[in-house]
Amino acid sequence: MRLNPMLRRSRAMWASPRLWRPRLVFWTGALAIGVISVVFAKTADAAQLLFAHAVGGGGWRLALALVITPLGFVLCSWLAIVYFPGSQGSGIPQAIAARHLRDDEDRSRLLSVRMVFGKILLTVTGLCCGASIGREGPTVQVGASLMLQAARWGGMAHARGLILAGSAAGIAAAFNTPLAGVVFAIEEMGRTYQARTNGLVLSAVIIAGLAALGLEGNYTYFGITDARIGELSDWILVLACGVGGGVLGAGFSVAALRATRYLRRFVATDPLKKGLLVAAACGSGVALVGLASDGQTFGTGYEQARTAVEGGSLPLLYFLGKFAASLLSMVSGIPGGIFAPSLSIGAGLGSSIGLLLGASIGLAAILGMAGYFAGVVQAPMTAFVIILEMTGTHENVIPLMCASMLGYGTARMIAREPLYHALSRLFIADALRRKRAMATQTREDEAN
């Protein structure tokens, strides 16, 4: 009996280890991203609680941050410089840079199993000492590292597509936002989208998302809000949050990029000594801002953002304190992301605008998040989709899109260079300098 040609090809595929083994390794890698993302999230939450318990209650206990935070920053910076180079900062620029690097050794400096361990350890340590950082950006580097390692084990090609898939799976599992994972891969990681990678991205997002759902259950990151645009005057709020968020977000992006470039030149002559000095100074600054805000600006800012989204007002100048703490944490050289702190800054900005305009705090918070986040990363689609999924506010799709586009458009007039892509070029430049130095050394050895 003759078999259908399609059935024959299917049987041949599954009978050949050369064909099914890479798929099995890929699925295992995506599953591992989901599981590790959940473990990372729970560990990060425990670290924040530990710090809050140590400095909670105000008075002399809060003043302990003046010792704990700078020492923690120095410890994280030392470990990053000595044992985990390439782990500094968010992790998203490293994943973007790895997609552009052709040499596997250069990629391994940014994405590896060692980096997975270091990124998680140092981000959790940073949260233990009150750093204003998030785990979501680091989860992107972790996801990309795991997927690239799976590709090596499985003998898979298309490394760039697999890095993209791992990054998308990391975002999806970290926030429980599968759509945002896909949009993030298209808009922020890739800036271009090749047809052959779409199956990889979707498969990785689905498998990692299912693993996270199985462990955590279905949830919305910032809870559910029923705030919505009700009157024509509410569109003034959309305009204010979009433009205001774009201005503030662009300010963060420009300040972070200029400070990072300056500090890289400053520490180049003595990376360890000067790097630790910068970390100590930034940690002291974060501690002082935390004391001035009565501890509100320490950590990810998740609780403050959730409070605002659910309708509770934040202190009028909270967003400025969180802005300063997040900027200092980012340029300090310790590992940690800006996703959650940026959303908290945006929620604080929206809360303040809502108070001044007498509008709904919950609505103002989500609009402020959209405008500010789009202004920082200049990725408006990712901004409104991720906030839509994190707050379950499906009635506000159009207002969120408008706030995101206003934030993006305003930021583009101030900061021409998207933050993550500008930072990724620094890692690419480091790789090129190493190549040139090695080539020069080889020529000198041959001459001698």
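Anything mentioned here points back to the structure above.
What you are looking at is a predicted structure, and each value in this text was computed from that prediction instead of being measured.

**Q** Which residues make up the overall build of the chain, and what are the values?
**A** Check the secondary structure of the chain and you find 20 helices and zero strands. Sorting the 448 residues of the chain into buried and exposed places 55% on the buried side. In the chain, the proportion of contacts linking residues at least 24 apart, taken out of those at least 6 apart, comes to 80%. For the chain, the accessible area works out to roughly 18,900 Å², and carbon and sulfur atoms hold 65% of it.

**Q** Explain the state of the cysteines residue by residue, including any values.
**A** Applying the stated criterion across every chain yields a total of zero disulfides. Cys 129 takes part in no disulfide bond, and the closest cysteine sulfur to it belongs to Cys 76, at a distance of 5.2 Å. For Cys 129, a relative accessible area of 3% corresponds to the buried category.

**Q** Outline the nonpolar core, supporting the account with residue identities and numerical values.
**A** Residues Phe 73, Phe 252, Phe 339, Leu 367, Ile 387, Leu 400 and Leu 419 are the most contacted members of the largest nonpolar core, which totals 109 residues. Residue contributions to this core peak at 12 residues, all from helix H17 (residues 361-377). Residue contacts for Phe 339: discarding those within four places in its chain leaves Ile 92, Glu 136, Ile 171, Phe 175, Phe 184, Phe 373, Ile 386 and Tyr 420.

**Q** Give me the lowdown on the pattern of salt bridges, citing residues and values where you can.
**A** Summed over all chains, the structure comprises eight salt bridges. Residues Glu 105 and Arg 109 are paired through a salt bridge, measuring 3.7 Å at the closest nitrogen-oxygen approach. With Glu 105 and Arg 109 both in helix H6 (residues 104-110), this residue pair falls four residues apart, about one helical turn. Glu 417 is paired through a salt bridge with Arg 261; the nearest N and O atoms lie 3.3 Å apart. Note that Glu 417 is positioned in the loop between helix H19 (397-414) and helix H20 (419-447) and Arg 261 in helix H12 (residues 234-267), a separation of 156 residues in sequence. On the accessibility criterion, Arg 261 (30% relative accessible area) is partly exposed. When salt bridges that share partners are traced, they join Asp 103, Asp 106 and Lys 435 into one network.

**Q** Account for the packing of helix H4 (residues 65-82) against helix H13 (residues 271-292), with residues named and values stated.
**A** It is at 8 Å that the axes of H4 and H13 come closest, and there the two elements cross at 150°. Taken as axis vectors, H4 and H13 run roughly antiparallel relative to one another. In this structure, H4 meets H13 at a crossing whose hand is right-handed. Here the residues of the contact of H4 with H13 are counted per class, giving 18 nonpolar, five polar and no charged.

**Q** Got a sec to walk through unusual backbone geometry? Specific residues and values, please.
**A** You will see that Asp 294, though not glycine, has its phi angle at about 60°, which is positive. Residue position: Asp 294 is located in the loop between H13 and helix H14 (302-309).

Criteria and thresholds
- Residues numbered from 1 in each chain as written.
- Predicted model: local features only at pLDDT ≥ 70, side-chain atom pairs only at ≥ 80, totals over all residues.
- Heavy atoms only, no water.
- Helix = DSSP H or I, 4+ residues; strand = E, 2+ residues; numbered from the N terminus.
- Buried < 20%, exposed > 50% of the residue type's maximum accessible area, 1.4 Å probe, protein only.
- Contact = heavy atoms within 4.5 Å.
- Areas by Shrake-Rupley, 256 points an atom, 1.4 Å probe, with all protein chains shown as cover.
- Disulfide = S-S within 2.5 Å.
- Core = buried A, V, L, I, M, F, W, Y, C linked by side-chain atoms within 4.5 Å.
- Salt bridge = Lys/Arg side-chain N within 4 Å of Asp/Glu carboxyl O.
- Axes fitted to C-alpha atoms, helices over the stretch in contact; angles between N-to-C directions.
- Parallel < 35°, antiparallel > 145°, perpendicular 65-115°, else oblique.
- Left-handed = near helix turned anticlockwise from the far one by under 90°.
- Nonpolar A, V, L, I, M, F, W, Y, C, P; charged D, E, K, R; others polar.

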